[in-house]
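What follows is the residue order along each chain.
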Amino acid sequence: MKQILITPKLCLGCRSCELACAVEHSLSKELFAAVIKKEQPTARIFVETDGVINLPLQCRHCQDPACVNACMSGALQRKPTTGMVVADQNKCVGCWMCVMACPFGAIAQDPEYKVINKCDRCPDLDQPACTVACPTGAVKFVEVSRFSQERRKQYLTSFAEEE
Amino acid sequence: MWETDKTIDKAAQQMLKITAADGVATVWDRYEAQQPQCGFGSLGICCRNCLQGPCRINPFGEPKRGVCGADADTIVARNLLRSLAGGTAAHVDHAYEAVEALEKIATGDIDYVIKDENKLIATARQVGIETDGKDSKGVAKEVAQKALETLSGHEGEMGWLSAWAPKERVDVWRQLGVIPRGADREIREAMHQTSMGVDADPTNLLLAGVKQGLVDGYAGLKLATDIQDIIFGMPQPVKSEANLGVLNAEYVNVVVHGHVPLLSEKVLEWCRKLEDEAKAAGARGINVAGICCTGNEVLMRQGVPPATNFLGQELALATGAVDLMVVDVQCILPSVTNVAQCYHGDIVTTMPIAKVPGADHIPFSLEEADQQAEKIVRQSIESYKKRGSTPVHIPDERALIFAGFSVEAIIGALSKVNAEDPLKPLVDNIKAGNILGAVATVGCNNVKVKQDMMHVELVKELIANNVLVIATGCSAHALGKAGLLHPDATNNLAGNGLKAVLTAVGEAAGLGGPLPPVLHMGSCVDNSRIGDLLTALAGYMGVNIKDLPVAASAPEPQHEKALSIGTWAVALGVFTHLGLPPHILGSKAVTGTLTDKVEDLLGGKFYVESDPAKAAAGIIRHIKDKRHALGL
Ligand code: SF4
Ligand code: SF4
Ligand code: SF4
Ligand code: SF4
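Basis of the calculations
Chains are numbered independently. Their residues run from 1 in the order of the written sequence. The naming scheme follows written order: chains are lettered A onward, ligands numbered 1 onward. Given that this is a predicted model, residues contribute local features only at a pLDDT of at least 70 and side-chain atom pairs are listed and counted only at 80 or more, while totals for whole chains, interfaces and linings are drawn from all residues. Each side-chain value is worked out from all heavy atoms of the structure, with water and hydrogens disregarded. Numbering of helices and strands starts at the N terminus; helices are DSSP runs of H or I of at least 4 residues and strands are runs of E of at least 2. The classification of residues rests on relative accessible area computed with a 1.4 Å probe and restricted to protein chains. Under 20% of the type maximum is buried, over 50% is exposed, and intermediate values are partly exposed. Note on contacts: a residue pair is in contact if any heavy atoms of the two residues lie within 4.5 Å. Each accessible area is a Shrake-Rupley estimate made with a 1.4 Å probe; only the visible protein chains count as cover when residues are assessed. DSSP calls a pair of strands paired once it identifies at least 2 bridges connecting them. The axes used here are C-alpha line fits, helices contributing only the stretch in contact, and every angle between their N-to-C directions lies in the interval 0 to 180 degrees. Criterion for a salt bridge: a side-chain nitrogen of Lys or Arg within 4 Å of a carboxyl oxygen of Asp or Glu. Residue count minus one, scaled by 1.5 Å, sets the expected span of a helix. UniProt positions are given in the numbering used here, feature names are shortened, and annotations may be inferred rather than shown by experiment. Simply put, the buried area is the total loss of 1.4 Å probe accessible area from both parts when two parts are fitted together. Think of a polar contact as two N or O atoms within 3.5 Å of one another; within protein, one of them needs to be a possible hydrogen donor and the other a possible acceptor, and neighboring residues in sequence only count if both atoms come from side chains. Residue types Ala, Val, Leu, Ile, Met, Phe, Trp, Tyr and Cys, when buried and joined through side-chain atoms within 4.5 Å, form a set referred to as a nonpolar core.

### Some thoughts on the overall build of chain B
The helix and strand inventory of chain B stands at 27 helices and 16 strands. Counting every position in chain B, which comprises 632 residues, the buried fraction comes to 62%. Within chain B, contacts between residues separated by at least 24 positions form 76% of all contacts whose residues are at least 6 apart in sequence. On chain B, roughly 22800 Å² of surface is accessible, and the fraction owed to carbon and sulfur atoms is 50%.

Written as C-alpha cells, this is what we have:
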C-alpha cells in the first residue's frame, strides 16, 4: 500500500503543499474560486524549518495511533479497511488530548478553534493533493518498499563513493 | 489525439507528432513539466523585492503580511505595476530604435530613407511642427526631436499624448493625475515606487499602473507605428498566405522573428539581392517567412507570409526546412537553439540585449545594417547547403489572407463608397444595426490555452453576431491560419448585416467581393492604429470613446506587453476582455478595482472570461448596452 513519504532535503519550503491541501479541503476545490469566494479552508500539512532542514509533515496514519488511544469521545478512529486514522469532527469535544499524544504535532485546530483538524489523506483523490503539488518531490505518495529500495540505492552510491 | 488538446492549428498538430516521436521537447512539454505551478505566484502574492524576502501571503490564513508589513493588496498591486512597467519598457524601447533611425536618416548617417512623406508631414503638423518651406530631412529632424522629448522629457505633459489623445480623455486623466511626463522618467519612477518601503497604497499603485498604460499607448505603440510608417511606408491591403505551408523545401528559407522591422526590412532587401547566389547553391530562390510581430511588420508592408505565431516558433524549426531564423527582441523562446540543433538551421541573434546561448550573434547597428543583413542572408545560403539529407516535413497547410489594413487603408476603401465623407457609410451601418459594433482582438498565444482556440472561437461567434473584428499581433496570425482574414469567411461565417456591409465596401473598393470579416491592422505596436480608429469614430459621431459600442480582447495573453496594452485600452475607456486572469487574484481590492470600480473613473474595465462562448456573450452584452445608451 502506498504511503505519503517525505524526503526533507528536497523541500524548498515553498508551501505549495500547504496551499494545495487547503484548496482540496475547500468547498470549491479550486484555488481561484476558493480565494474569490473568500473561503478560509485550512491545510493539514505543515512545513517546519530549523533554518537548515525543512520538514513537511502531516498525520502519519500510525498503525498503533497514540491519538486514537488518547481520544475518549471516539472522534478519532483507525479504519482497519483503509488503514486511515480519521477524525469525526461532530464527535470531537475539543479536549486536545490527541494533540498532546501525537508525537509529531500532526493535529491542528479547525479555524473556529473548537475541534481538531487533521490529514484525511484526501479521500476524493487518487493522489493526495500535497504530493501532487510538491514541485520537487519532497512529499511523495509511494509504496514503502519502493521508497526504501531507493534509499538503499542512494546509500549504496554514497557508500561506494566513500570507499 | 493528445495533439488536438494542445492546438487547433492543423500544421502545429502534425509537427507536434513529429517532435514527440523525435523526443524533442516543446513549450507544451515544458509546461507539463512545470505542473503544478505555484499557487502563490498565480495569485500574485509572493514578493522578492528585497533581500529580507521572499515573502508570501497565505490566502487562507496566516501570515497575512510580508516581513516589512506589506499585505496582499500592496504586494499584488506592486507586482502588477512592475509587470506593466516591463511591458511598457519593451514598447518604448522599440519606439526608441525607430526614432533613432529617423534622427539618423535626417542627418544622412544611415542607408534608410523616408518612404512616406505624407505621414511625415501629417505627424509633424499634429505635434506642432511648422513644415512650410522645410525639406523632408529638416522636418524629420524636428519630428525626431519631438519624439525624443516624449521618450525622455522630464517635465510637462507627454507631447505625443497631448498631440493625439482626445481632449475629453486628457481632461479625465489630468483629473486623476495620471498624465505621464517623458516615458523614461515614468518607467524609472514605477521601478522606484515598487521598490521596498516606498508605495504601500494599492490605489496609488494602480493609478501609477494607468500611467504606465498611457506611456505604453503613446510613447510606445503610437510613436513606434508613426515613425515606422514614415520610414517603411504606410501599409496598404496585401494578399498573402499564413501557416507552416508557406515554407518551401526547394528554397532557402529565412524566418524573421521578433518585433522590430529595422533589420528585417533590410534582410528582405538582401534576400532579393542575393537570389542568384541561392540559385547557384541549388535552391530555387530565397523564401522569407515571418513569426510574431516582426512577421506582421513585413507582412503589412511587404506581403511576407507569416509562418506561424508565438507558440509555433519551435515547430517551424522542427520542419527541418528553416535554414536560418533571425531574431531581434521579445517573445523569442530560448529553446529555439535546442530545436534547431535537433533538426536544422542557424539561429541568429542581432540585438545587444537579446542573445541566446547556442545562437550566432551578428550585432545589428543602423550604420551597418546593410552589411549585417547581407551577412545574415549569405549565412542562410551556407546553411541551406548544409541541409543535405535532413528530413524535411512541411505540413501542407496554408490559408489565403488579406492584411495591411492601416486606418489610412480602411478609410481609403470606405472613400470608394463615399468620397466626401468616408466614415459615413461605416457609422450609418453601425447606427442602423447592420454592424452591431466592433471588437479588436490582440495579443499573444499562451500555452495555458489550446493554441488559437480562444482567438478563433471568440471571433467566429462575434462575426456571426454582426460584430466587425479588427486584429493585430499573434491574434491576427491565429485568425489568418483559421481562414478568417479572407473574404470567404465573410460569405460563410458573418451575420447577414455585416456581410452586406463588407460586400458593398469590398466591391466598391474593387476587390470583386467582400472585405474579410477580420481586418488585420498589424503588429502589437500597431494597436495604436486601433486607438486612432476609435478616436476618429468617436470624433465623427460626436461622442466619447467610452460611449462607443466597441470592446477589446486579448484572448490568449502571455506577455507583460499584453497587460500594458490592455491598461491603455481601459484608460481610453474601452471594455477589455482577457482570456485568462493576470496574477492579481490574491488581492480582492486590486481585482475588484480593475474589473469593476475603475469603470466609474475611466469608462473602461477589465473583464476576465476563459470560455469563448461566454466571453462572446459578455462582450456582445456590453456592446448592446452601449448601443442602448446611445439610443441605437
Ligand atoms: S495524529 Fe499523530 S498519532 Fe495520530 S495517527 Fe496521525 S501521526 Fe499518528
Ligand atoms: S494527504 Fe491530503 S489531507 Fe493529508 S496533508 Fe496531504 S493534502 Fe492534506
Ligand atoms: S511543496 Fe514540497 S518543497 Fe514545497 S514546502 Fe511542501 S514539501 Fe516542501
Ligand atoms: S519588500 Fe516586504 S514583502 Fe517584499 S520581500 Fe521584502 S520584506 Fe518581503
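The discussion continues.
### Observations regarding the sheet that holds strand 5 (residues 286-291) of chain B
All names here are of chain B. Spatially, the 6 strands line up as an open sheet ordered 6-5-4-7-8-9, and their pairing is parallel. On the outer flanks of this sheet lie strand 6 (306-308) and strand 9 (360-361), each paired with one strand and no other. Relative to strand 8 (residues 346-349), strand 7 (residues 324-327) is paired through 4 bridges, and the arrangement is parallel. Note that in strand 8 the partner of leucine 324 across the bridge is aspartate 346. Across the sheet, helix 12 (residues 261-273) is in contact with strand 4 (252-258), strand 5 and strand 7; its angle to strand 4 comes to roughly 170°.

### What to know about the pattern of salt bridges
Residue and element names in this part refer to chain B. As enumerated under the stated definition, the model contains 41 salt bridges over all chains in all. Among the ionic pairs, lysine 104 bridges to glutamate 367, the shortest N-O distance being 2.7 Å. Highlighted residues: lysine 104 in helix 5 (residues 72-106) and glutamate 367 in the loop between strand 9 and helix 17 (369-387), separated in sequence by 263 residues. Here aspartate 229 and arginine 529 are joined by a salt bridge, their closest N and O atoms 2.9 Å apart. With aspartate 229 in helix 11 (residues 202-232) and arginine 529 in helix 24 (residues 527-541), this residue pair connects regions lying 300 residues apart in the sequence.

### Brief notes about the side chain of threonine 150 of chain B
All names here are of chain B. You can see threonine 150 is positioned in helix 7 (residues 136-152). Looking at threonine 150, the relative accessible area reads 2%, which means it is buried. If sequence neighbours within four positions are ignored, threonine 150 has contacts with Met158, Gly159, Trp160, Arg181, Gly182, Ala183, Ala219 and Leu223.

### A look at helix 5 of chain B
All names here are of chain B. Taking 1.5 Å per residue, 35 residues should reach 51 Å; helix 5 reaches 50 Å between its end C-alpha atoms and fits that length. Counting buried residues along helix 5, 25 of its 35 residues qualify, which places the element largely inside the surrounding structure. Backbone geometry just after helix 5 places glycine 108 at a positive phi near 75°.

### Description of the UniProt feature "binding site: [4Fe-4S] cluster 1" (unreviewed entry) in chain B
Residue and element names in this part refer to chain B. Look at the UniProt record and you will see "binding site: [4Fe-4S] cluster 1" (unreviewed entry) annotated at Cys38 and Cys46. Mapped onto the fold, cysteine 38 is located in the loop between helix 3 (27-33) and helix 4 (39-43). Those residues in contact with cysteine 46 that sit more than four places away from it in its chain are Phe40, Gly41, Cys55, Arg56, Ile75 and Asn79.

### Describing the interface of chain B and chain A
It is common to give the size of an interface as the accessible area lost on bringing the parts into contact. Contacts between the two partners involve 15 residues from chain B and, on the opposite side, 18 residues from chain A. Taking both sides of the interface into account, the surface hidden between chain B and chain A amounts to around 1400 Å²; carbon and sulfur atoms contribute 72%. Summed over the three residues of chain B that lose the most area to chain A, namely Pro36, Arg56 and Phe60 of chain B, the buried surface amounts to 45% of that side. Inspection of the chain B/chain A interface yields 0 salt bridges. Where chain B packs against chain A, one counts 1 residue pair in polar contact (both at pLDDT 80 or more).

### Topic: the nonpolar core
In this structure, Tyr112 and Trp173 of chain B are the most contacted members of the largest nonpolar core, which totals 205 residues. In contact with tryptophan 173 of chain B, not counting residues within four places along its chain, are Leu161, Ala165, Val178, Ile179, Leu214, Tyr218, Ala571, Leu572 and Leu602 of chain B.

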